[in-house]
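These are the residues of each chain, in order.
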Protein chains: 2
Amino acid sequence: MSTPSSPKAVLLLSGGLDSTTTLAIAKEEGFQIHALTVEYGQRHDFEVKAARLIGTRWGVTEHHVISIDLSLFGGSALTGSLEVPQGRSEQQRSQGIPVTYVPARNTVFLSLALAWAETLASFDIFIGVNALDYSGYPDCRPEYIRAFENLSQLATKASVEGKGQFRIHTPLINMSKSAIIQKGTELGVDYSLTHSCYSPQQNGRPCRNCDACLLRQKGFLEAGLDDPLLS
Amino acid sequence: MSTPSSPKAVLLLSGGLDSTTTLAIAKEEGFQIHALTVEYGQRHDFEVKAARLIGTRWGVTEHHVISIDLSLFGGSALTGSLEVPQGRSEQQRSQGIPVTYVPARNTVFLSLALAWAETLASFDIFIGVNALDYSGYPDCRPEYIRAFENLSQLATKASVEGKGQFRIHTPLINMSKSAIIQKGTELGVDYSLTHSCYSPQQNGRPCRNCDACLLRQKGFLEAGLDDPLLS
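What you see is a predicted model, and the numbers here were worked out from it, not measured in a lab. (Residues numbered from 1 in each chain as written. Chains lettered and ligands numbered in written order. Predicted model: local features only at pLDDT ≥ 70, side-chain atom pairs only at ≥ 80, totals over all residues.)

1. Some words on the relation of the copies chain A and chain B
For these two chains of identical sequence, chain A goes onto chain B by a turn of 180° and a shift of 0.0 Å along the axis, with RMSD 0.0 Å. In symmetry terms, the pair is related by a two-fold rotation axis. When the interface residues of chain A are mapped onto chain B, 100% of them again lie at the interface, so the same face is used by both copies. (Least-squares fit on C-alpha atoms with pLDDT ≥ 70 in both. Contact = placed C-beta atoms within 7 Å.)

2. Description of the sheet that holds strand β2 (residues 32–39) of chain A
Residues and elements named next belong to chain A. Reading across from one edge, β3-β2-β1-β4-β5 is the order of the five strands in this open sheet, with parallel pairing throughout. At either end of the open sheet lies a strand with only one pairing partner, and these are β3 (62–67) and β5 (167–169). Pairs of neighbouring strands in the sheet enclose a mean axial angle of 25°, with direction left out of account. (Pairing = 2+ DSSP bridges. Helix = DSSP H or I, 4+ residues; strand = E, 2+ residues; numbered from the N terminus. Axes fitted to C-alpha atoms, helices over the stretch in contact; angles between N-to-C directions.)

3. Considerations on the sheet that holds strand β2 (residues 32–39) of chain B
Residue and element names in this part refer to chain B. Within the open sheet, the five strands sit side by side as β3-β2-β1-β4-β5. Their pairing is parallel. Across the chains shown, the open sheet's two edge strands, defined by having one partner strand only, are β3 (62–67) and β5 (167–169). Neighbouring strand axes in the sheet, compared pairwise and without regard to direction, differ in orientation by 25° on average. Relative to β5, strand β4 (residues 124–126) runs parallel, the two sharing three bridges. Residue pairing in the sheet places Asp124 in a bridge with Arg167 of β5.

4. Some thoughts on the interface of chain A and chain B
At the interface, 35 residues of chain A touch 35 residues of chain B. Contributions of two or more residues to the side of chain A that touches chain B are made by β3, α4 (105–120), α5 (142–155) and α6 (157–160) of chain A. With nine residues, the top contributor of residues to the side of chain A that touches chain B is α4(A).

5. Describing the pairing of β2(A)
Residue and element names in this part refer to chain A. In terms of burial, β2 is a largely internal element, seven of the eight residues being buried. Of the strand pairs in this sheet, strand β1 (residues 8–12) and β2 are connected by five bridges, and their pairing is parallel. Bridging from a neighbouring strand, Lys8 pairs with Gln32 of β2. Once you follow β1 into helix α1 (residues 17–28) and on to β2, the crossover reads as right-handed. Pairing geometry for β2 and β3, over six bridges, is parallel. Opposite Thr37, over in β3, you have Val65 as the bridge partner. (Buried ≥ 20, exposed ≤ 12 C-beta atoms within 10 Å, placed from the backbone. Right-handed = clockwise from strand over helix to strand, strands pointing away.)

Okay, structure coming up:
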């Protein structure tokens, strides 16, 4: 567990299954967590509330919610300019990058995390990207993460002055969704607090039919666990 | 000059001397300009008004102002958490990166430009960074720009699907401030509309004593021109 002398890390926390598991792993690794939630013009502000609750439960040192209206640019079902696809088969989901892709989203998120890390004199950033059971987003792949890590060393006063080397931690990147759920369950993650749905109902209940719901269902099924969100 | 069939470019426009000159150059090169101004918690919103006026004068196709509160993270004189230094000599200015550095600022700005470019199906981004007469900011150097360009190819659906290669245009990067002013003057830039000061007076008049004012003064002096902002 972390102590006041533990190294600081900035962690991108959406309040979803992946970022919450990443938080549990980063805590287990002994980091003091500075959680960053980006409110980016997604349609569901209950997600931000979930992220806040999860941050509190896991004893983060600090939690910032930063707003940025990416819907201004359009081009994504997750910022409201396109329809979220429903009921796609595994085969359909494996064909190309879907409209739920948000243009350059992880680049925007990581650049904000980098800005905060630098002011904290931290060189550790956690992001719960996953390149196995995922929607094929380009900015979730290992080669993308390495390119951002490389950029970070050149981008900041802290690294140029030789105070440290940035590291982008992606503990989930090569894990299946079921392995993520098993790991989180071992670490005590309460998945009833997490959300995954791209297209929730008015009351916040998941639609059970978008790509994110389908990937989550498959993960719980393969892990041999019930999803507490659906009980 | 640009026409409706000209290629689209996203241009980061602060309304300062450098970004305005970059706009004039991008127009001369025949691009349709989509100007992006980031309101990032700087203390002077007259800067945003200047950027809007300059965008209109130069006939940009579209202009978005996006707000993001980088002052949340602190760590910079330009977001209000530290004092802007005054009256530094050229020698003092050459020693280290000053407190006016905003952590990871150009990485945040370029990631937003990248997001917009992708939705426009544009692969051209202009930024008025300069690595000669500048304040030593790490994210103004050619090696940083190349790293961001490399990241862009991996970060987006558009590039991963082979629709194009992003190019970060930095026409000013190796120019002296006086050469920038001479070039802009040739192209018809009205420098009375641009601002540079880090610490302007209540009425928006420049302080004439911060690093940005001193660099600007030196530039006009060496160009053999009067700064219309001071007349």
